[in-house]
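Structural description and commentary
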Amino acid sequence: LPHGEVIDTVILNTDAGANVGTYADAIAITGQAGSNGFSAGNYNLSYVSADLVVNQRAVTLTASQQERIYGNTLILDETAFTVTDLDGDSALPNGEVIDTVILNSDAGVDVGAYAEAITITGQAGSNGFSVSNYDLSYVTGDLVVNQRAVTLTASQQERIYGDAMVLDETAFTVTDLDGDSVLPNGEV
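Here's what I pulled together on the structure shown here. Everything quoted here is computed from the prediction, not taken from an experiment. (Residues numbered from 1 in each chain as written. Predicted model: local features only at pLDDT ≥ 70, side-chain atom pairs only at ≥ 80, totals over all residues. Heavy atoms only, no water.)

Attention now goes to the sheet that holds strand E4 (residues 57-63). Here 3 strands make up an open sheet; going across it, the order is E6-E4-E9 and the pairing mixed. Edge strands, defined here as strands with exactly one partner in the open sheet, are strand E6 (81-85) and strand E9 (134-139). Neighbouring strand axes in the sheet, compared pairwise and without regard to direction, differ in orientation by 20 degrees on average. Pairing analysis gives 5 bridges linking E4 to E6, with the strands arranged antiparallel. Note on E6: the bridge partner recorded for alanine 63 is phenylalanine 81. (Pairing = 2+ DSSP bridges. Helix = DSSP H or I, 4+ residues; strand = E, 2+ residues; numbered from the N terminus. Axes fitted to C-alpha atoms, helices over the stretch in contact; angles between N-to-C directions.)

Here it is as structure tokens:
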């Protein structure tokens, strides 16, 4: 500008950009401020609007470790996960919430720890949550299958005094975790 005048800042305004997308001519200049003697009255100022692009927000969903007892049906807790937002905390913008995730696992038949055995394949949210506004990444979780409690009780046996002791190794009862004598998976 002449005489060393400078336009330092402009006042920008938009009413667009609530969701991910491109908003044409959504950013308008509504004023300016200058220095070194700048006066807007000395200029025939015209303003050209600009587009606003709202990009997806990066969020990571991590499946939490879950456990089950050997022989029990695997029922995954769809609220067992953590959210890590772009800024490192668990709060999504605008009060949005991811309430549940869809979890899957095909591991964990026998007792043991199964690393990365629980996968997230989807999510559901509330308070205006829209999956299209987020770049979601998923981190798998571990599954632990714990031993099943089973009680083996020896049955009373008898012999006649003076006879050799011969124990019947099939003389016992089984009490499973759920109180009956049936082990899971048809095991005996």
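Additional details are given in the paragraphs that follow.
As defined by bridge partners, strand E5 (residues 66-69) adjoins strand E10 (residues 141-146) across 4 bridges and the pair is classed as parallel. Within the sheet, the bridge partner assigned to glutamate 67 lies in E10 and is valine 144. Pairing analysis gives 4 bridges linking strand E8 (residues 112-126) to E10, with the strands arranged antiparallel. Bridge pairing in E10 places isoleucine 118 opposite glycine 141.

Attention now moves to a nonpolar patch on the surface. Together, Leu1, Ile7, Val10 and Leu12 line one region of the surface with nonpolar side chains, adding up to about 350 Å² of accessible area. For leucine 12, the position within the fold is in strand E1 (residues 6-13). (Patch = residues over 30% accessible without salt bridge, like charges linked within 9 Å, V, L, I, M, F, W, Y side chains within 5 Å. Areas by Shrake-Rupley, 256 points an atom, 1.4 Å probe, with all protein chains shown as cover. Salt bridge = Lys/Arg side-chain N within 4 Å of Asp/Glu carboxyl O.)

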